[in-house]
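Remarks on the overall topology
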Amino acid sequence: MAHVKTYSLSLRDLSKKILEEEAIIREGGGPSGKERQERLGRLTARERIKRLVDNPNKFLELGLWAAYGMYEEWGGLPAAGCVTGIGEISGHACMIIANDATVKAGAMFPQSVKKVLHMQRIAYECRLPIIYLVDSSGVFLPLQDEIFPDEDDFGRIFRNNAVISAAGIPQYAAIMGNCIAGGGYLPVLCDKLLMTEGSGLYLAGPALVKAAIGQVVDTEELGGAAMHAQISGTVDFREANDEECIERLRSLVDLLPHEEPISERFEPAVNPQELLDLIPAEGQHEYDVHKLLQCIVDKNTFQEYKAEYGTTLVTGYAKINGIPVGIVASQRIRSTTARGEVEIGGVLYSDSADKAARFILDCNQTRVPLIFFQDVVGFMVGKDAEQSGIIRSGAKLVNAVSNSIVPKITIIVGNSFGAGNYALCGKAYDPQFIFAWPNAKYAVMGGDQASETLFHVQQKSAERKGIKLDEKAAHQLREQLKNKYEAQMDIRYGAARGWVDGIIQPQQTRSLLVQLLPLVLRKPLQAQFHTGVIQV
């Protein structure tokens, strides 16, 4: 876990450090990778996207941190070797999936596949046209057993191509370099296929063809752009170079029915920049989530639901850029109930879980999208909590979230621990998007509790083997376990594994939601809302 360097900084300083690291990730394979693309007369993935979208500054990159700190034995894999995100092309919001050939020649690693599958799911749920910029050497063979055979591996990408096409969502593929072996099915399963001169599309390269059937053939004759345009008929448009191919893509997307552009017409009550000073980075201090919401929702639109009940969660209706939303947010201030009981901020109690479940049911009844703000350390434990029916109330909330049919967006603004992660729409509960602030922490429980539990387990294991830990050895073990666990709690660790779509600057939360809400509302709701049996 040495690759995850921990920080002890303010939220403002931590956010700055995250931006610095992101700039390094965006370098991809570095100068040598860029030099290779230039030598081949090709643009890099990021250069292609910059030319493809209407406004590069508004391109919403997703999965930038994918594979962060992973595959170090293979030299690392910045952004999982592919650049993905949502940008406007000729006035249309589109999902863009681009192989980064500066990173391992665009080879697909397990995290690369996971990233592409997730982008396809987002595009499907939001009915976004997909643009694939293909420049890949195919599956990374040393890890083929983790990429090839399972239901959520490489082949699932092509299955999704077919399902997305059947759903009437446009898919465009531009082969702008290598497209080899099974990867060749992706562009051919798309609605429109473009290919640049000098690119290659074939199931097996010349060396493999010779080894398999003894035939000697060069790459152009085997799978060049001219062959596929003139002989096989596979390619719809043959383009001279990247620049012309990108212009063709823009003109083809321009043929889609045009939609009203998104513009921000409303303002929050408080400047979002103040979020940087509102929440402490270490996640221990109290703060009032109402102040956070004032920086995000439209001014004078928040209507709190059951404001005096279950106060460790704040629920309410609001508007963001004029769009109605339902909000479920962790409250970090401790409070005293009408019964005189003290409730700790960030903890879910029976009353707060009951309130949130009822609120989620109502939002589904009125078809209002839900936004969750997580800063939760879990459900309350102990005799009083168990006798209050905490498990029953928690199950009710999980049931409501699981069966919710309205769009859901989750923002992790602090802690996301244990079953609190589940109940407030964590990754396993299918939010259309899930983002986190730089200070976010993802784990089954807090670091101190977890490391102490792990220490006692290993201590008992050593004693059963007849090993007695002296004070120094016990201290070293405890510190080792704590450091490892804290590194795994770091949001960069989770982002590397695809648990969040991105790490965002706190002050950009509102503008991000302004961009996302119209996307999640593109697909009409077709299912009927029902929950089955709920414990009461």
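Quick summary incoming for the structure in this document. Keep in mind the model is a prediction, meaning the values are calculated, not measured.

Here's the deal with the pattern of salt bridges
Taken as a whole and assessed by the stated rule, the structure comprises 19 salt bridges. Of the charged contacts in the structure, one is a salt bridge between Glu21 and Arg492, with a shortest N-O distance of 2.7 Å. Here Arg492 lies in helix 19 (residues 491-496) and Glu21 lies in helix 1 (residues 11-25), a separation of 471 residues in the sequence. You'll find Glu21 and Arg492 in the same group, each marked buried. For Glu286, the salt bridge is made with Arg334, and the minimal N-O distance between the two is 3.1 Å. On the criterion of sequence distance, the pair formed by Glu286 in the loop between helix 11 (275-278) and helix 12 (289-294) and Arg334 in the loop between strand 11 (323-330) and strand 12 (335-336) is long-range, its members being 48 residues apart. We classify Glu286 as partly exposed; its relative accessible area is 42%. In this structure Arg334 comes out as partly exposed when scored by relative accessible area, which is 47%. One salt-bridge network, in which partners are shared between bridges, spans Glu22, Arg26, Arg46 and Glu61.

Concerning the environment of Ile411
Assignment of secondary structure puts Ile411 in strand 17 (residues 408-417). The spacing of Ile411 and Asp375 is 36 residues in sequence and 9.1 Å in space, taken between C-alpha atoms.

What to know about helix 20 (residues 509-520)
When the terminal C-alpha atoms of helix 20 are compared, their 16 Å separation across twelve residues agrees well with the 16 Å that a helix rising 1.5 Å per residue should span. Here helix 20 lies mainly inside the structure; nine of its twelve residues are buried. By the burial criterion, the buried members of helix 20 are Thr509, Arg510, Leu512, Leu513, Val514, Leu516, Leu517, Leu519 and Val520.

Brief notes about the packing of aromatic side chains
Tallying each qualifying case throughout the model produces 13 aromatic pairs. Measuring from centroid to centroid gives 5.0 Å for Trp65 and Tyr68, while their planes differ by 70 degrees, and the two rings are edge-to-face. Grouping residues by exposure puts Trp65 and Tyr68 together as buried. Judged by centre distance (5.1 Å) and plane angle (80 degrees), the rings of Trp74 and Phe140 are edge-to-face. Within this pair, whereas Trp74 is found in the loop between strand 1 (60-62) and strand 2 (82-89), its partner Phe140 is found in the loop between strand 4 (130-136) and helix 5 (154-166), the two being separated by 66 residues in sequence. These aromatic residues form a ring-pair network of at least three members: Tyr71, Trp74, Phe109 and Phe140. Lying over the aromatic face of Tyr493, Arg497 brings its terminal NZ or CZ to 3.6 Å of the ring centre.

A short note on the packing of helix 3 (residues 45-52) against helix 10 (residues 242-253)
Contact geometry of helix 3 with helix 10 gives a least axis separation of 9 Å together with a crossing angle of 40 degrees. Comparing their axes, helix 10 and helix 3 come out oblique. By crossing handedness, the relation of helix 3 to helix 10 is classed as right-handed. Listed contacts from helix 10 to Arg48, Arg51 and Leu52 of helix 3 are Asp242, Glu243, Ile246, Leu249 and Arg250.

So, unusual backbone geometry
A positive phi angle is found at Ser90, which is not glycine, with a value near 50 degrees. Along the polypeptide, Ser90 turns up in the loop between strand 2 and strand 3 (92-99). When its relative accessible area of 12% is taken as the criterion, Ser90 is described as buried. One non-glycine residue with positive phi stands out, namely Lys104, at about 55 degrees. Secondary-structure assignment places Lys104 in the loop between strand 3 and helix 4 (110-126). On the basis of relative accessible area, Lys104 is assigned to the partly exposed category, the value being 30%.

Some remarks on the pairing of strand 6 (residues 192-196)
Burial within strand 6 is extensive, with four of its five residues counted as buried. The pairing of strand 5 (residues 171-180) with strand 6 spans four bridges and is parallel. Along strand 6, the bridge assignment pairs Tyr172 with Lys192. Looking at chain direction, strand 6 and strand 8 (residues 237-239) are connected through three bridges and run parallel. Bridged to Leu194 within strand 8 is Phe237.

Description of a nonpolar patch on the surface
On the surface, a nonpolar cluster with roughly 300 Å² of combined accessible area is contributed by Tyr185, Leu189 and Leu203. Residue placement: Leu203 occurs in the loop between strand 7 (200-202) and helix 7 (206-213).

Points about the environment of Gly346
Structurally, the position occupied by Gly346 is in the loop between strand 13 (342-343) and strand 14 (347-348). Note: C-alpha distance between Gly346 and Lys408 (62 residues apart in sequence) is 21 Å. Once residues within four sequence positions are removed from consideration, Gly346 is found in contact with Gln331, Arg332, Asp375, Val376, Val377 and Gly378.

Regarding the state of the cysteines
Simply put, the disulfide is a covalent bond whose two ends are the sulfur atoms of two cysteines. Taken as a whole and assessed by the stated rule, the structure comprises zero disulfides. Counting only cysteine sulfurs, Cys179 is the nearest neighbor of Cys190, a cysteine outside any disulfide, at a range of 9.8 Å. Classification of Cys190 by relative accessible area gives buried; the value is 9%.

Some thoughts on the nonpolar core
Ranked by size, the top nonpolar core spans 98 residues in total, and within it Met95, Leu292, Phe373 and Phe433 carry the most contacts. If we skip the residues at most four places from it in the chain, Leu292 touches Leu275, Leu278, Ile279, Tyr287, Phe373, Val413 and Trp437. Core analysis: the next-biggest nonpolar cluster, separate from the first, contains 25 residues, Leu370, Phe372, Ala400 and Tyr429 among them.

Some remarks on the packing of helix 13 (residues 350-365) against helix 15 (residues 390-403)
Helix-helix packing is characterised by the crossing angle of the two axes and by the distance between the axes. Packing of helix 13 against helix 15 leaves a shortest axis separation of 8 Å and a crossing angle of 20 degrees. Relative to helix 15, the element helix 13 lies roughly parallel. The handedness of the crossing between helix 13 and helix 15 is left-handed. Along the contact surface, helix 13 presents Ser350, Ala353, Asp354, Ala356, Ala357, Ile360 and Leu361, while helix 15 presents Ile390, Ser393, Gly394, Lys396, Leu397, Ala400 and Val401. Here the contact of helix 13 with helix 15 is composed, by residue class, of nine nonpolar, three polar and two charged.

About the criteria used
- Sequence order sets the numbering: in each chain, residues are counted from 1 along the sequence as written.
- Where totals are concerned, whole chains, interfaces and linings use all residues; where local detail is concerned, this predicted model gives features only for residues with pLDDT of at least 70, and gives and counts side-chain atom pairs only at 80 or more.
- For the side-chain quantities, the full set of heavy atoms in the structure was used; hydrogens and water were omitted.
- Counted as salt bridges are all cases of a side-chain nitrogen of Lys or Arg within 4 Å of a carboxyl oxygen of Asp or Glu.
- Strands are runs of DSSP state E lasting at least two residues, helices are runs of H or I lasting at least four, and both sets are numbered from the N terminus onward.
- Per-residue accessibility, obtained with a 1.4 Å probe over protein chains only, is compared with the maximum for each type, and a residue is labelled buried under 20%, exposed over 50%, and partly exposed between these values.
- Each residue after the first adds 1.5 Å to the expected span of a helix.
- Geometry of aromatic contacts follows a simple scheme: Phe, Tyr and Trp rings, the Trp one being its six-membered ring, pair when their centres are within 6.5 Å, and the pair is stacked under 30 degrees between planes, edge-to-face over 60, tilted otherwise.
- Geometrically, a lysine NZ or arginine CZ counts as sitting over a ring once it is within 6 Å of the ring centre and also within 35 degrees of the ring normal.
- Between N-to-C directions, angles cover 0 to 180 degrees, with each direction set by a line fitted to C-alpha atoms, over the stretch in contact for helices.
- Relative orientations are named as follows: roughly parallel for angles under 35 degrees, roughly antiparallel for angles over 145 degrees, roughly perpendicular for angles from 65 to 115 degrees, and oblique for any other angle.
- Handedness of each helix crossing follows the sense of rotation of the near helix against the far helix: counterclockwise by less than a right angle gives left-handed, clockwise gives right-handed.
- Whether two residues are in contact is decided by their heavy atoms, any of which lying within 4.5 Å being enough.
- The rule for pairing is simple: two strands pair if DSSP sees at least two bridges between them.
- Residues enter patches when they are more than 30% accessible in relative terms and free of salt bridges; like-charged ones are connected within 9 Å and nonpolar ones (Val, Leu, Ile, Met, Phe, Trp, Tyr) within 5 Å.
- With residues, only the protein chains shown are counted as cover, and all accessible areas are computed by Shrake-Rupley using a 1.4 Å probe.
- A pair of cysteine sulfur atoms is labelled a disulfide when the two atoms are within 2.5 Å.
- Here, nonpolar core refers to any group of buried Ala, Val, Leu, Ile, Met, Phe, Trp, Tyr and Cys residues whose side-chain atoms link them within 4.5 Å.
- Ten residues, namely Ala, Val, Leu, Ile, Met, Phe, Trp, Tyr, Cys and Pro, are considered nonpolar, four, namely Asp, Glu, Lys and Arg, are considered charged, and the remaining ones, Gly among them, are considered polar.

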